Amino acid sequence: KENATKYTGEALIYASENPYDFKIMGTLEDDTIGNNWECPDYLEVDGQAILTISPEHYFEDNGGYVSIAAYMPITFENGVMTKVGECELLDLGKDIYACQSNFDEHGVPTQIGWMRMPIPEKDGNWIGMFACPRVFNYQNNHLYTHPHPNFKNALNTPCKDFNANEARKIKTSLQKNDVINIGGYTITYKEDGTLEANRTNVFPHTGNIDLVLTTPALEKWELEIYTD
């Protein structure tokens, strides 16, 4: 939606009783959440309606990407969608985008996002890939994401080494100042309680895409890391 001064992100809600004739029921817009909402996706998690979107220009610099993935709690009744909580990033990192959901065999909403790549793959004809399928829970006014159980359980064979050419699941607890080095990608538990992920040594330095990312502080860190 465009006015005289800026673009405003907006979701349009349509209804239909057949595959051909659609009627617009309403809109949801917010001029503080970027200026274009790509890939809207509606979920119901633990009794809470959730809208995930990929807003463009959510940040001024955006860490090198035009669009990132975010979510907001909403109400959705009789075609009317209303935002009832703050819009937050789906991931603290900005690499995921265009998340869409479907139901698994048990009827659980399962979402797959598009994981960015800094440069095209080999022949140059494609860039990016699907990230792992995720499920959700909603508590304390926050949406939590988890790898789908089928994905988690597929990586339960014990192994003694890290192999960049094979999928691995790494589970560990960190103490202050501990550092994990995964093929040059380092994860550090800082003295102030934050977790720093640094991919400077393994990520092409293209544009202004973030190479170092930091989480909020926590009292302890128990990590489940998936590499593939």
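Structure's up top.
A few points on the structure. (Residues numbered from 1 in each chain as written. Predicted model: local features only at pLDDT ≥ 70, side-chain atom pairs only at ≥ 80, totals over all residues. Heavy atoms only, no water.)

## Structural notes on the overall build of the protein chain
Now for step 1: Scanning the protein chain for helices and strands turns up 1 helix and 18 strands.
Now for step 2: Counting only C-alpha atoms and orienting by the principal axes, one finds that the protein chain spans roughly 55 × 45 × 45 Å.
Now for step 3: For the protein chain, the residues scored as buried account for 38% of the 228 residues in total.
Now for step 4: Relative to all contacts within the protein chain whose residues are 6 or more apart in sequence, the contacts with residues 24 or more apart total 39%. (Helix = DSSP H or I, 4+ residues; strand = E, 2+ residues; numbered from the N terminus. Buried < 20%, exposed > 50% of the residue type's maximum accessible area, 1.4 Å probe, protein only. Contact = heavy atoms within 4.5 Å.)

## Looking at the pairing of strand S8 (residues 96-103)
Now for step 1: One ladder, built from 6 bridges, connects S8 with strand S9 (residues 109-115); its direction is antiparallel. Looking at the pairing, Asn-102 lines up with Thr-110 of S9.
Now for step 2: Taking the residues between adjacent antiparallel strands as the criterion, S8 and S9 are bridged by 5 residues, where Gly-107 takes a positive phi near 80 degrees. (Pairing = 2+ DSSP bridges.)

## Here's the deal with the layout of surface pockets
Now for step 1: Empty space within the second largest pocket amounts to approximately 150 Å³.
Now for step 2: Forming the boundary of the second largest pocket are Glu-10, Ala-11, Leu-12, Ile-13, Trp-37, Pro-40, Asp-41, Tyr-42, Leu-51 and Met-81.
Now for step 3: Here the lining of the second largest pocket is composed, by residue class, of 8 nonpolar, no polar and 2 charged. (1 Å grid on protein atoms, 1.4 Å probe; cavity = no way out; pocket = protein on both sides within 12 Å on 5 of 7 lines; lining within 4 Å. Points joined across faces, edges and corners; volume = space filled by probe spheres on them. Nonpolar A, V, L, I, M, F, W, Y, C, P; charged D, E, K, R; others polar.)

## Topic: the nonpolar core
Now for step 1: Core analysis: the largest hydrophobic core is formed by 14 residues, its most contacted members being Leu-28, Trp-37, Leu-51, Met-72 and Ile-74.
Now for step 2: Listed by contribution, the elements that provide at least two residues to this core are strand S1 (9-15), strand S4 (48-55) and strand S5 (70-77).
Now for step 3: Ignoring sequence-local partners within four residues, the contact set of Ile-74 consists of Leu-28, Tyr-42, Gln-48, Ala-49, Ile-50, Leu-51, Met-81, Thr-82, Lys-83 and Val-84.
Now for step 4: Core analysis: the second largest hydrophobic core is formed by 12 residues, Ile-50, Ile-96, Tyr-138 and Leu-143 among them. (Core = buried A, V, L, I, M, F, W, Y, C linked by side-chain atoms within 4.5 Å.)

## Observations regarding the environment of Glu-86
Now for step 1: Tracing the backbone shows Glu-86 in the loop between strand S6 (80-83) and strand S7 (88-89).
Now for step 2: Note on Glu-86: relative accessible area 58%, which makes it exposed.
Now for step 3: The spacing of Glu-86 and Tyr-71 is 15 residues in sequence and 8.5 Å in space, taken between C-alpha atoms.
Now for step 4: Not counting residues within four places of it along the chain, the set of residues in contact with Glu-86 comprises Tyr-71, Met-72 and Pro-73.

## Structural notes on the packing of aromatic side chains
Now for step 1: Under the counting rule described, the total for this entry stands at 4 aromatic pairs.
Now for step 2: Ring centres of Trp-114 and Phe-130 lie 5.5 Å apart, and the angle between their planes is 85 degrees; on these two criteria the pair is classed as edge-to-face. Residue Trp-114 is located in strand S9, and its partner Phe-130 is located in strand S10 (residues 129-130); the two are separated by 16 residues in the primary sequence.
Now for step 3: Judged by relative accessible area, which is 31%, Trp-114 ranks as partly exposed.
Now for step 4: Directly above the aromatic system of Tyr-65 lies the positively charged group of Arg-116, at a separation of 4.4 Å from the ring centroid. (Phe/Tyr/Trp six-rings, centres within 6.5 Å; stacked < 30°, edge-to-face > 60°. Lys NZ or Arg CZ within 6 Å of the ring centre and 35° of its normal.)

## Thoughts on the sheet that holds strand S15 (residues 185-189)
Now for step 1: Strands sit in the order S14-S15-S16-S17 across an open sheet of 4 strands; the sheet is antiparallel. Every other strand in the sheet has two partners, leaving strand S14 (179-182) and strand S17 (212-214) as the edge strands with one partner each. Going across the sheet, the axis of each strand differs from the next one's by a mean of 15 degrees, ignoring polarity.
Now for step 2: With 3 bridges joining them, strand S16 (residues 195-198) and S17 adopt antiparallel strand pairing. Counterpart to Asn-198 in the pairing with S17 is Val-212. (Axes fitted to C-alpha atoms, helices over the stretch in contact; angles between N-to-C directions.)

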